[in-house]
Amino acid sequence: MQEPALPVTEFEDGTIEGVIVWPLKAICDQRGWLVELYRSDELPADNLPAMAYLSETLPGVLRGPHEHEDQDDLFLFVGPGDFELFCWDIRPESRTRGKRQRLVAGASHPLRVLVPKGVVHAYRNISSSPGWVFNAPNRLYRGRNRSEPVDEIRYEQSPDHPFRTE
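With respect to the side chain of Glu-84
For step 1, the next point in the chain: Note that Glu-84 resides in strand β8 (residues 82-89).
For step 2, the next point in the chain: Residue class for Glu-84 comes out buried when judged on its relative accessible area of 12%.
For step 3, the next point in the chain: Polar side-chain contacts of Glu-84 include one of 2.7 Å to the side chain of Arg-102.
For step 4, the next point in the chain: The contact partners of Glu-84, leaving out residues within four places of it in the chain, are Arg-102, Leu-103, Val-104, Ala-122, Tyr-123, Arg-124 and Ile-126.

Given below as structure tokens:
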């Protein structure tokens, strides 16, 4: 995977075109609760999941920033724990190029967030205990039978990247 030349080095806070945020609503009864993770009638056809996974992130840990060339991520933050999610729009064709969007999501504010390909993103566990994130991307990790390169451009190991979370 190639390292792109970064077209944007400073960002302005705001919403990003193509980043879609849905509040998650628990349906509660005497047995407990249920939350719909996704519905095919609520997502654009190109964003329908191809796989799903659950990850645990330890307190204070930042995952990212990174981006995908061909993958859209459908993140679900329901708890336990809370996260700060950051998105940076560096897509040359986007009307919101140069914007940074920040959300707090998780146990205190359950959200489903679609992050389209080409949008750099990262999230940090801001809780005092481990937190879980569910992801249902529209592409298989490493392709069919894990036979392709990983679709990920990672910035976290480069100390001079412009994607700041402070």
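Now, onward.
What to know about the environment of Phe-83
For step 1, the next point in the chain: Along the polypeptide, Phe-83 turns up in strand β8.
For step 2, the next point in the chain: For Phe-83 and Phe-134, which are 51 residues apart along the polypeptide, the C-alpha to C-alpha distance reads 12 Å.
For step 3, the next point in the chain: When neighbours within four sequence positions are excluded, Phe-83 is seen to be in contact with Thr-57, Phe-77, Leu-103, Val-104, Ala-105, Tyr-123, Arg-124, Asn-125, Ile-126, Gly-131, Trp-132 and Val-133.

Brief notes about the layout of surface pockets
Any empty space left between atoms is shown by rolling a water-sized probe over those atoms.
For step 1, the next point in the chain: Put simply, the largest pocket is a space of about 500 Å³.
For step 2, the next point in the chain: Along its surface, the largest pocket is lined by 28 residues, and Tyr-53, His-68, Gln-71, Tyr-141 and Glu-152 are the ones closest to its centre.
For step 3, the next point in the chain: Looking at the lining of the largest pocket, the elements with two or more residues in it are β5 (53-57), β6 (62-67), β7 (73-77) and β11 (119-125).
For step 4, the next point in the chain: Considering each element in turn, the lining of the largest pocket owes the most residues, three residues, to β6.
For step 5, the next point in the chain: Broken down by class, the residue content of the lining of the largest pocket amounts to 10 nonpolar, eight polar and 10 charged.
For step 6, the next point in the chain: As for the second largest pocket, its lining consists of Gly-18, Ile-20, Pro-44, Asp-46, Asn-47, Asp-70, Asp-72, Leu-114, Pro-116, Lys-117, Asn-138 and Arg-139.
For step 7, the next point in the chain: In the lining of the second largest pocket, the residues fall into four nonpolar, three polar and five charged.

A look at unusual backbone geometry
Glycine aside, negative phi is the norm for most residues, and most peptide bonds take the trans geometry.
For step 1, the next point in the chain: In this chain, Gly-64 is followed by Pro-65 through a cis amide linkage whose omega measures 10°.
For step 2, the next point in the chain: Among the structural elements, Pro-65 can be located in strand β6.
For step 3, the next point in the chain: Between Gly-79 and the following residue, Pro-80, the backbone shows a cis peptide bond with an omega angle of -5°.
For step 4, the next point in the chain: Residue position: Pro-80 is located in the loop between β7 and β8.
For step 5, the next point in the chain: Here the phi dihedral of Arg-142 falls at roughly 60°; this positive angle occurs in a residue that is not glycine.

Section: the sheet that holds strand β10 (residues 111-115)
For step 1, the next point in the chain: Ordered by their spatial adjacency, five strands build an open sheet running β2-β10-β7-β12-β5, and the pairing between neighbours is antiparallel. Bordering the open sheet on either side are β2 (20-23) and β5, each of which pairs with just one other strand. On average, each strand axis in the sheet is inclined to that of its neighbour by 20°, with strand direction left out of account.
For step 2, the next point in the chain: Of the strand pairs in this sheet, β7 and β10 are connected by five bridges, and their pairing is antiparallel. Counted as the bridge partner of Phe-77 is Leu-111 from β10.

Thresholds, definitions, all that
Residues numbered from 1 in each chain as written. Predicted model: local features only at pLDDT ≥ 70, side-chain atom pairs only at ≥ 80, totals over all residues. Heavy atoms only, no water. Helix = DSSP H or I, 4+ residues; strand = E, 2+ residues; numbered from the N terminus. Buried < 20%, exposed > 50% of the residue type's maximum accessible area, 1.4 Å probe, protein only. Polar contact = N/O pair within 3.5 Å; in protein donor to acceptor, adjacent residues only side chain to side chain. Contact = heavy atoms within 4.5 Å. 1 Å grid on protein atoms, 1.4 Å probe; cavity = no way out; pocket = protein on both sides within 12 Å on 5 of 7 lines; lining within 4 Å. Points joined across faces, edges and corners; volume = space filled by probe spheres on them. Nonpolar A, V, L, I, M, F, W, Y, C, P; charged D, E, K, R; others polar. Pairing = 2+ DSSP bridges. Axes fitted to C-alpha atoms, helices over the stretch in contact; angles between N-to-C directions.

As far as function goes, none of this settles anything; it's purely spatial.
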